[in-house]
Amino acid sequence: MAALEAFKVPAEGKGSVADAARALCRGILEKGLAEALMAPMRLPDGIMVQHVLTKDAASLEAMDILAPVMAVNGATLVARLTRHEIPGQVAVVLRPCEIRAFMELVKLNQGDRSRVLIIGMDCLGTMEPLEYREWALGVESPGWQFFQAMIAQGSPPKGAPDIRTSCRACEYPIPLGGDLELMLVGSDSSEGLTVSPLTQRGAEVLADLGAEKVEAQKYREEAIARLVERRKAFRDELLGRVEKELLPLESLLKELSRCINCYNCRDVCPVCYCKSCVMDSSTMEHPSEQYLRWVKRKSMVKMPVDTLFYHMTRMAHMSTSCVGCGQCSSGCPMGIKVAEIFMAVSRRTQRLLDYVPGRSLDEPIPLATFREEELEPR
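Predicted, not measured: the structure shown is a model, and the values here were computed from it.

1. Quick notes on the overall build of the chain
- If you tally the helices and strands in the chain, you get 14 helices and eight strands.
- Taken against the 2.2 N^0.38 rule, which gives 21 Å for 378 residues, the C-alpha radius of gyration of the chain at 22 Å falls within 12% of a compact globule.
- Every one of the 378 residues in the chain was classed for burial, and the buried ones make up 52%.
- By sequence separation, contacts in the chain at least 24 residues apart represent 73% of the contacts at least 6 residues apart.
- Accessible surface, the chain: about 18,600 Å² in total, of which carbon and sulfur atoms supply 53%.

2. Some details on the packing of aromatic side chains
- Evaluated as defined, the whole model comprises four aromatic pairs.
- Taking the centre distance of 4.9 Å and the plane angle of 50° together, the rings of Tyr263 and Tyr310 count as tilted. Of this pair, Tyr263 sits in the loop between helix H9 (249-256) and helix H10 (264-268) while Tyr310 sits in helix H12 (residues 307-318); the two residues are 47 residues apart in sequence, bridging distant segments of the chain. Comparing Tyr263 with Tyr310, the two get one shared label, buried.

3. Observations concerning the pairing of strand S4 (residues 90-94)
- Burial within S4 is extensive, with five of its five residues counted as buried.
- Of the two faces of S4, the one carrying Val90, Val92 and Leu94 and the one carrying Ala91 and Val93 are both buried.
- For strand S2 (residues 36-42) and S4, the ladder comprises three bridges, and the chain directions are parallel. Residue Met38 lies in a different strand from S4, and its bridge partner there is Val92.

4. Some remarks on the pattern of salt bridges
- As enumerated under the stated definition, the model contains 18 salt bridges in all.
- For the salt bridge of Asp45 with Arg133, the shortest nitrogen-to-oxygen distance reads 3.2 Å. Here Asp45, found in the loop between S2 and strand S3 (49-54), pairs with Arg133, found in helix H4 (residues 129-136); they are 88 residues apart in sequence, far enough to count as distant.
- Residue Arg133 is classed as partly exposed on the basis of its relative accessible area, which comes to 30%.
- Measuring nitrogen to oxygen at the nearest pair gives 3.1 Å for the salt bridge that ties Arg113 to Asp179.

5. Remarks on helix H8 (residues 220-245)
- For H8, spanning 26 residues, the distance from its first C-alpha to its last is 37 Å, which sits close to the expected 38 Å at 1.5 Å a residue.
- Within the span of H8, buried status applies to Arg220, Ala223, Ile224, Leu227, Val228, Arg231, Phe234, Arg235, Leu238, Leu239 and Val242.
- On its buried face, H8 sits against helix H6 (165-168), strand S6 (180-183) and helix H14 (338-352).

6. Notes on a nonpolar patch on the surface
- A cluster of nonpolar side chains, contributed by Leu249, Leu253, Leu308 and Met312, occupies part of the molecular surface with about 330 Å² of accessible area.
- Contributions of two or more residues to the nonpolar patch are made by H9 and H12.
- By the element assignment, Met312 lies in helix H12.
- Judged by its relative accessible area of 32%, Met312 is partly exposed.

7. With respect to the side chain of Arg95
- By secondary structure assignment, the location of Arg95 is in the loop between S4 and helix H3 (96-107).
- Buried charge Arg95 goes without a salt bridge, the closest partner of opposite sign being Glu98 at 5.0 Å.
- Sequence-distant contacts of Arg95, defined by excluding residues within four places in its chain, comprise Ile65, Ala67, Pro68, Val69, Met70, Met121, Cys123, Gly125 and Thr126.

8. What about the packing of H12 against H14?
- Between H12 and H14, whose axes approach to 10 Å, the crossing angle comes to 45°. Accordingly, the angle class assigned to the pair H12 and H14 is oblique. Taken as a pair, H12 and H14 cross one another with a handedness that is right-handed. Together, His311, Arg314, Met315 and Met318 of H12 and Ile341, Phe342 and Val345 of H14 make up the contact between the two elements.
- Each residue belonging to the contact of H12 with H14 can be placed in one class, and the counts come to five nonpolar, one polar and one charged.

9. Examining the pairing of strand S7 (residues 193-197)
- In terms of burial, S7 is a largely internal element, five of the five residues being buried.
- Burial along S7 is two-sided: the face carrying Leu193, Val195 and Pro197 and the face carrying Thr194 and Ser196 are both buried.
- With four bridges connecting them, S6 and S7 associate as antiparallel partners. Opposite Glu181, over in S7, you have Ser196 as the bridge partner.

10. With respect to the state of the cysteines
- Overall, the coordinates contain zero disulfides when judged by the stated rule.
- Lacking any disulfide linkage, Cys170 is separated from the closest cysteine sulfur, that of Cys97, by 6.6 Å.
- The closest cysteine sulfur to the non-disulfide-bonded Cys272 is located on Cys269, 5.0 Å from its own sulfur.
- On the basis of relative accessible area, Cys272 is assigned to the partly exposed category, the value being 23%.

11. Some words on H3
- Between the first and last C-alpha of H3 there are 17 Å, a value that for twelve residues agrees with the 16 Å anticipated at 1.5 Å per step.
- Of all the twelve residues making up H3, twelve are buried; the element is thus mostly covered by neighbouring parts of the structure.
- Structurally, H3 contributes buried residues whose contacts are with S3, helix H2 (74-82), S4 and strand S5 (116-121).
- Taken from the residues just after H3, Asn109 is the one with a positive phi, measuring 60°.

Here is what the cut-offs are and how they apply
- Residues numbered from 1 in each chain as written.
- Predicted model: local features only at pLDDT ≥ 70, side-chain atom pairs only at ≥ 80, totals over all residues.
- Heavy atoms only, no water.
- Helix = DSSP H or I, 4+ residues; strand = E, 2+ residues; numbered from the N terminus.
- Rg over C-alpha atoms; globule rule 2.2 N^0.38 Å.
- Buried < 20%, exposed > 50% of the residue type's maximum accessible area, 1.4 Å probe, protein only.
- Contact = heavy atoms within 4.5 Å.
- Areas by Shrake-Rupley, 256 points an atom, 1.4 Å probe, with all protein chains shown as cover.
- Phe/Tyr/Trp six-rings, centres within 6.5 Å; stacked < 30°, edge-to-face > 60°.
- Pairing = 2+ DSSP bridges.
- Salt bridge = Lys/Arg side-chain N within 4 Å of Asp/Glu carboxyl O.
- Expected span 1.5 Å × (residues − 1).
- Patch = residues over 30% accessible without salt bridge, like charges linked within 9 Å, V, L, I, M, F, W, Y side chains within 5 Å.
- Lys, Arg positive; Asp, Glu negative; His and termini not counted.
- Axes fitted to C-alpha atoms, helices over the stretch in contact; angles between N-to-C directions.
- Parallel < 35°, antiparallel > 145°, perpendicular 65-115°, else oblique.
- Left-handed = near helix turned anticlockwise from the far one by under 90°.
- Nonpolar A, V, L, I, M, F, W, Y, C, P; charged D, E, K, R; others polar.
- Disulfide = S-S within 2.5 Å.

Dropping the structure here:
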C-alpha cells in the first residue's frame, strides 16, 4: 500500500531505525500524547523481548522493535488495556497481525479503538521464542542483524533459525488499521525512520513531535510487492501440501490424535476471547460410567476424549476471524500443525464469505451478521 505522506524521525545513538523508533515513542511520552506506552522491550535477562507497558520515557532504552520474536500476540494485551474505561489514551507498538486481531476484538466489544494510539510496524517475520533466545544469546544486536539480513537477502542471518511458518506465509506484512506506520520495508534506514500517518490522529502526533516531511521512498512499493509475492508463493505451496496431506479426514484425525487437551492453542489465540468456554463447562464433564460404555462399544477409547470435538468447535468459531499469527502452533507442546490446519480452513471460509479479518472496522464479522444471499451459488 502506498503512503499518502512520509515523515522522517531522526535516529539517536547508533543511528538505526530502532533508535529512531525509540525517539518517536520517547517524544510521545514526554509530550504527554499518551498516558502510557506499550512496546516490545528487552526483559531483565537482556535477551528475550516481550511487550512492556511504561510511562517512563527513560525505560525506552530497552525498546527493541527489530527483535524477531512475538511471545504473545499483543492484541490480547491491548484488549485488556482498553476493555474498560481508562483516563486518556495508551500508545502501542504492534505488528500487522496484532493490529488485525485487535480490530476483530473491537468488533466483538472486547476492546476500544478510540482509547489507543496504534503505531504499526512493517513485519519481516518472527522466530519461535526459544529458538530466538538460543540464537540471540551469542549475537551482538540480534534484532539489527536480523533486520539487515532480511532487507538485503530476504532470509535470516547465517546461523540463525528461520522465521516461523506462519510468518513465511503471511501476505499482510504492512500494518492495516493503525494511526502511524513505521516504514521498515523499502526505506533508507541510514538516516533514521520514515513514518507515515494513517489517520488524522497520527498526523496530529507527527505535527506535535515536529517531524520533518519528506518524499515517500520511491522503492517502497516495489519492495513490498516483492515481499508479498514471495510470501504468497510460499503460502500457496504450503496450503497445497496441507490440503493434500492434512485435511483429508483420516489424515486430520491422525494429526490431531496427539492432542492432550491442554488448551494452549486456545489460550494463546488472540481472537479466542470467551470468558466461559464450553470445553471447561459441565457439558464436557462425563460421568465415569460413560467411559466404560464407550469402551464397551468401541473396544478402546483415546484418553483424554473430546480432542477432535474441541478442535472442530474452535474451527467453527474462529475460522472467519483467524489472522494467521501462528501462535497456536507455537504454543502446542505436542507439535501439532494447528496453525497450518487453521490457515487452510480459514482461507476457505474467508474466501467463501469475502471477508478479510481486521481489514476494516466497517466490515462486520460474518458470524455476527446475517445476509440472506451470502452463500448463494456464484
